[in-house]
Amino acid sequence: MDFDDTPDEAAWRAQVRAFLERHPPVPEQPRAWQATLYDAGFVGVTWPVEAGGRGGTPMQQAIVDQETARRGLPPLINLIGIGMCGPTVIVHGSERQRQRYLKRLLRADDLWCQLFSEPSAGSDLAALRTRAVRDGDGWRVSGQKVWTTLAHLADFGILLTRTDPDVPKHRGLTMFVVDMTAPGVTVRPLRQMNGDAHFNEVFFDDVRIPDDERLGDVGDGWRVALTTLMSERLSLGGGGTSIGPKPEAVARHVAAHIGALPEDRQVLARQELGRGYVAALGARYTGYRQLSKLSRGELPGPEASAGKLSGTRSARDLTDLAVRVLGPDAATGDAEWQNMQAMLPGMAIAGGSDQVLRNIIGERVLGLPAEPRADKGVTFRESSR
């Protein structure tokens, strides 16, 4: 891609930069900050105008992301909704659903979560067991989800369920919008190593969902879920911003502390910094390749999976180095790098685990044989016995 802004892109960047300089966020008011950005036209940039967006280009969205990252601003609180749930409602939702949900989602009036993974269905999502059973003009849902990001804050979620166990597992699924405050929904946060609780387990005990909250046709949930998964990979897989720490920030940190290390350790630290810096730049430029395809109106191929896989790996390596150069101060001093080190293993799961992404790259890029599937062609009820 051409790394120089076009005149229109340069004008847009100047507009974004000037706005961010005039409107610093208030950390204690993340919903209000997202609403401020939305009212200025900087949230949902690529979304259609009729869906509440700006109808802009992927490059315009990338510039917003780059400028907010440049100023070290926190990510938007409703990223799950913007990057995954909203695009699914745009493609598969009814006009009523689009009118009811999308603008409020963009403004963070409502927060959203994505209810997919289960204790026995993570890497093999189609093996999920949460059941939705017809109940008059609605459905009754029972089951459990896990590793659901921000479910403890969410007002709504998109929920993938099994509605027919007597067909092959990919064909018996149906997607719904679920009210996270509905009777029978229980959210239990999962505490991470750094003390935060971004992930949750969610229980559904005979939760009633009206049929007009269904997304897509009955039994067509896998196709609907693919829209969500593609959007998720695009939002996590790059576009020119870093997963985890900026390599430039790690380089400054290492430079400030390397002098306290023995000479032989200084050599090793420089070598590790060089390898990690190059790997991080490789992940960044993989994101640029993805962005180039989007700018031409094409769908990215494996770039999203490769960008997310390489990005999380380089982020872990750089953060581990940043902690190690602190020496004994790592146990007693500022915990910024230690907190990031404890957070990053979760990123290796979010949006598809490293192992799943390697399978995608192996099969779709390298042409390796697909993994054997003993459940192919049999019903879910048979395969789950």
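Everything numeric here is computed off the predicted structure, so don't read it as measured data.

A. Structural context of the overall build of the protein chain. From N to C terminus, the protein chain includes 13 helices and 8 strands. Taking 21 Å as the expected radius of gyration for a compact globule of 385 residues, we find that the protein chain reaches 22 Å, a close match to that expectation. C-alpha atoms of the protein chain, sized along the principal axes, occupy 70 × 45 × 45 Å. Out of the 385 residues belonging to the protein chain, those deemed buried represent 48%. In the protein chain, the share of contacts with a sequence separation of at least 24, taken over all contacts with a separation of at least 6, comes to 72%. Counting only carbon and sulfur atoms, one obtains 53% of the accessible surface of the protein chain, whose full area is about 18700 Å². Positive and negative side-chain charges in the protein chain, numbering 46 and 48 respectively, have mean positions lying 2 Å apart.

B. Main features of the UniProt feature "domain: Acyl-CoA dehydrogenase/oxidase N-terminal" (unreviewed entry) in the protein chain. Here, the residues flagged by UniProt with the feature "domain: Acyl-CoA dehydrogenase/oxidase N-terminal" (unreviewed entry) are residues 6–107. With 64% helix and 0% strand, residues 6–107 has its two end C-alpha atoms placed 29 Å apart.

C. Quick look at unusual backbone geometry. In the Ramachandran plot, W147 falls in the positive-phi region, its phi being about 65° despite a non-glycine side chain. Secondary-structure assignment places W147 in the loop between β3 (138–146) and β4 (156–162). Residue classification places W147 among the partly exposed residues on the basis of a relative accessible area of 46%.

D. Looking closely at the packing of helix α3 (residues 58–70) against helix α8 (residues 263–295). Running from N to C, α3 and α8 point in directions that differ by 145°, and their axes come no closer than 9 Å. Taken together, the residues of α8 that come into contact with α3 (itself represented by P58, M59, A62 and Q66) are Y288, L291, L294 and S295. For the contact of α3 with α8, the per-class residue count stands at 6 nonpolar, 2 polar and no charged.

E. Here's a closer look at the environment of L102. Looking at the secondary structure, you find L102 in helix α5 (residues 95–106). Residue L102 is classed as buried on the basis of its relative accessible area of 1%. Sequence separation between L102 and I82 is 20 residues, and the spatial gap between their C-alpha atoms is 9.0 Å. Setting aside residues no more than four positions away along its own chain, L102 makes contact with W47, A51, G86, V89, I90 and Q97.

F. Structural detail: the packing of aromatic side chains. Considering all chains together, one arrives at 7 aromatic pairs under this definition. Pairing Y101 with W112 gives two aromatic rings, centres 5.2 Å apart and planes at 85°, and the pair type is edge-to-face. Placement of Y101 in helix α5 and of W112 in strand β1 (residues 112–115) is noted, with a sequence separation of 11 residues between them. Exposure class is identical for Y101 and W112. Each is buried. Between W112 and F156, the ring centres sit 5.5 Å apart and the planes meet at 35°, which makes this aromatic pair tilted. With W112 in strand β1 and F156 in strand β4, the pair connects residues that are 44 residues apart, well separated along the chain.

G. View of the nonpolar core. Among the nonpolar cores identified, the biggest contains 41 residues, and L37, W112, F116, L160 and M175 are the most heavily contacted of them. Elements with a contribution of two residues or more to this core: α1 (7–22), α2 (30–39), α3, α4 (79–92), α5, β4, β5 (173–179) and α6 (221–236). Tallying contributions element by element places α4 first for this core, with 5 residues. Not counting residues up to four positions away in its chain, the partners in contact with M175 are F116, I158, L159, L160, R214, L215, G221, V224, A225 and T228. One finds C113, V141, V207 and I209 within the second-largest nonpolar core, a separate group that totals 17 residues.

Rules used throughout
- Residues numbered from 1 in each chain as written.
- Predicted model: local features only at pLDDT ≥ 70, side-chain atom pairs only at ≥ 80, totals over all residues.
- Heavy atoms only, no water.
- Helix = DSSP H or I, 4+ residues; strand = E, 2+ residues; numbered from the N terminus.
- Rg over C-alpha atoms; globule rule 2.2 N^0.38 Å.
- Buried < 20%, exposed > 50% of the residue type's maximum accessible area, 1.4 Å probe, protein only.
- Contact = heavy atoms within 4.5 Å.
- Areas by Shrake-Rupley, 256 points an atom, 1.4 Å probe, with all protein chains shown as cover.
- Lys, Arg positive; Asp, Glu negative; His and termini not counted.
- Charge placed at Lys NZ, Arg CZ, Asp CG, Glu CD.
- UniProt positions renumbered as here; feature names shortened; annotations may be inferred.
- Axes fitted to C-alpha atoms, helices over the stretch in contact; angles between N-to-C directions.
- Nonpolar A, V, L, I, M, F, W, Y, C, P; charged D, E, K, R; others polar.
- Phe/Tyr/Trp six-rings, centres within 6.5 Å; stacked < 30°, edge-to-face > 60°.
- Core = buried A, V, L, I, M, F, W, Y, C linked by side-chain atoms within 4.5 Å.

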